[in-house]
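# A look at the structure
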There are 2 protein chains.
Amino acid sequence: MRKAEVFVTLKPVVNDPQGLTIRSGLHALGFDKVTDVRSGKYLLVTLDEPDAAKARQQVEEMARQLLANEVIEDYRITMLQGGGL
Amino acid sequence: MRKAEVFVTLKPVVNDPQGLTIRSGLHALGFDKVTDVRSGKYLLVTLDEPDAAKARQQVEEMARQLLANEVIEDYRITMLQGGGL
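Residues numbered from 1 in each chain as written. Chains lettered and ligands numbered in written order. Predicted model: local features only at pLDDT ≥ 70, side-chain atom pairs only at ≥ 80, totals over all residues. Heavy atoms only, no water.

In this section: the overall build of chain A. Looking only at helices and strands, chain A features 2 helices and 3 strands. Each helix (α) and strand (β) of chain A, taken in turn from the N terminus, gives the series β-α-β-α-β. By the compact-globule yardstick of 12 Å for 85 residues, chain A is too spread out, its C-alpha radius of gyration being 16 Å. Across its three principal axes, chain A shows a C-alpha extent of roughly 50 × 30 × 15 Å. Considering chain A as a whole, with its 85 residues, one finds that 39% of them fall into the buried category. Intrachain contacts of chain A at a sequence separation of at least 6 include 70% that bridge at least 24 residues. Of the roughly 4,600 Å² of accessible surface on chain A, 54% is carried by carbon and sulfur atoms. (Helix = DSSP H or I, 4+ residues; strand = E, 2+ residues; numbered from the N terminus. Rg over C-alpha atoms; globule rule 2.2 N^0.38 Å. Buried < 20%, exposed > 50% of the residue type's maximum accessible area, 1.4 Å probe, protein only. Contact = heavy atoms within 4.5 Å. Areas by Shrake-Rupley, 256 points an atom, 1.4 Å probe, with all protein chains shown as cover.)

Quick look at the structure:
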């Protein structure tokens, strides 16, 4: 089993109302040193694919086809070490 | 400015309907080697706090107070390098 972390974030030019709301909430709680919050998705994908290169390629394909909307979002993939259980 | 990444995930014992739906979607697209998907939140917090230890402590406090619901969620914090701009 291999595990991949996929981080999906809004592109910097896209408004992030959820992040702004979280920032307001943090300010209301007294965390006034917070200047910005950007929100995104974190996905942990487990695959039954022994080949590391193929696994990564598949996760890239998943991100492009389903996990991220490339018009407004960026994504980053990290393959976890020790995923060969 | 310091940047911290906060990853918020559902605890392993908590059902994750969003993750299951994404898994079904991936299977429908032909990614049949996917055995599991867990979904979570990714937050990038920017703070105006020169002291690294204090910044980390504040982000921990934010996670406990607002960003994560510790009853059903776990969180992990990573301070980004080169955040001293």
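Here we come to the side chain of D16(B). Residues and elements named next belong to chain B. Here D16 lies in the loop between strand 1 (2–10) and helix 1 (17–28). Salt bridges are absent for the buried D16, whose nearest opposite-charge side chain, R38, sits at 4.1 Å. Sequence-distant contacts of D16, that is, excluding residues within four places in its chain, are made with L10, V37, R38 and S39. (Lys, Arg positive; Asp, Glu negative; His and termini not counted. Salt bridge = Lys/Arg side-chain N within 4 Å of Asp/Glu carboxyl O.)

Across the interface, helix 2 (residues 52–67) of chain A lies against helix 1 of chain B with an axial gap of 11 Å and an inter-helix angle of 105°. On the basis of the axis angle, helix 2 of chain A is roughly perpendicular to helix 1 of chain B. The segment helix 2 of chain A lies against helix 1 of chain B, with M62(A), L66(A) and L67(A) engaging I22(B), G25(B) and L26(B). Residues belonging to the contact of helix 2 of chain A with helix 1 of chain B are distributed by class as follows: 5 nonpolar, 1 polar and no charged. (Axes fitted to C-alpha atoms, helices over the stretch in contact; angles between N-to-C directions. Parallel < 35°, antiparallel > 145°, perpendicular 65-115°, else oblique. Nonpolar A, V, L, I, M, F, W, Y, C, P; charged D, E, K, R; others polar.)

What follows deals with helix 2 (residues 52–67) of chain B. All names here are of chain B. Of all the positions in helix 2, only A55, Q58, V59, M62, A63 and L67 are classed as buried. Angularly, the buried residues of helix 2 cover 145° about the axis, an arc narrow enough to put them on a single face. Structural note: helix 2 exposes A53 and Q57 on the side pointing more than 90 degrees away from its buried face. Measuring from the backbone nitrogen of A53 back to the side-chain oxygen at the start of helix 2 gives 3.0 Å, which picks out D51 as the cap. (Arc of directions from axis to C-beta. Polar contact = N/O pair within 3.5 Å; in protein donor to acceptor, adjacent residues only side chain to side chain.)

Here we come to the interface of chain A and chain B. On the side of chain B, 33 residues touch chain A, which itself brings 33 residues to the contact. Of the roughly 2,900 Å² buried between chain A and chain B on both sides combined, carbon and sulfur atoms contribute 65%. When the buried surface of chain A facing chain B is broken down by residue, F31(A), K33(A) and Y42(A) rank first, second and third, together holding 22% of it. Between the two partners, chain A and chain B, sit 4 salt bridges. Across the pair E5(B) and R76(A) runs a salt bridge whose closest N-O atoms are separated by 3.3 Å. (Buried area = accessible area lost by both parts, 1.4 Å probe.)

Turning our eyes to something else, we now look at the nonpolar core. Core analysis: the largest hydrophobic core is formed by 19 residues, its most contacted members being L26(A), V6(B) and M62(B). Looking at this core element by element, the count peaks at 5 residues for helix 2 of chain B. Leaving out residues up to four positions away in the same chain, L26(A) has contacts with F31(A), V34(A), V37(A), M62(B), L66(B) and L67(B). Counting 17 residues, the second-largest nonpolar core is a separate cluster that includes L47(A), I77(A), I22(B) and V37(B). (Core = buried A, V, L, I, M, F, W, Y, C linked by side-chain atoms within 4.5 Å.)

On to the environment of A55(B). Residue and element names in this part refer to chain B. Mapped onto the elements of the fold, A55 is located in helix 2. For the pair A55 and I77, spaced 22 residues apart in sequence, the C-alpha separation works out to 11 Å. Beyond its immediate chain neighbours, meaning those up to four positions away, A55 contacts R2, L47, E49 and M79.

Residues and elements named next belong to chain B. In the structure shown here, the tally under the stated rule is 14 salt bridges over all chains. K11 is the salt-bridge partner of D74, the closest N and O atoms lying 3.1 Å from each other. Residue D74 is located in strand 3 (residues 73–79), and its partner K11 is located in the loop between strand 1 and helix 1; the two are separated by 63 residues in the primary sequence. The partner of E60 in a salt bridge is R64, and the shortest N-O contact between them spans 3.7 Å.

At an RMSD of 0.0 Å, chain A and chain B line up after a rotation of 180° and a shift of 0.0 Å along the axis. Look at the turn and shift together and you get a two-fold axis relating the two. A high fraction, 100%, of the interface residues of chain A reappear at the interface in chain B, so the copies pair face to face through one surface. (Least-squares fit on C-alpha atoms with pLDDT ≥ 70 in both.)

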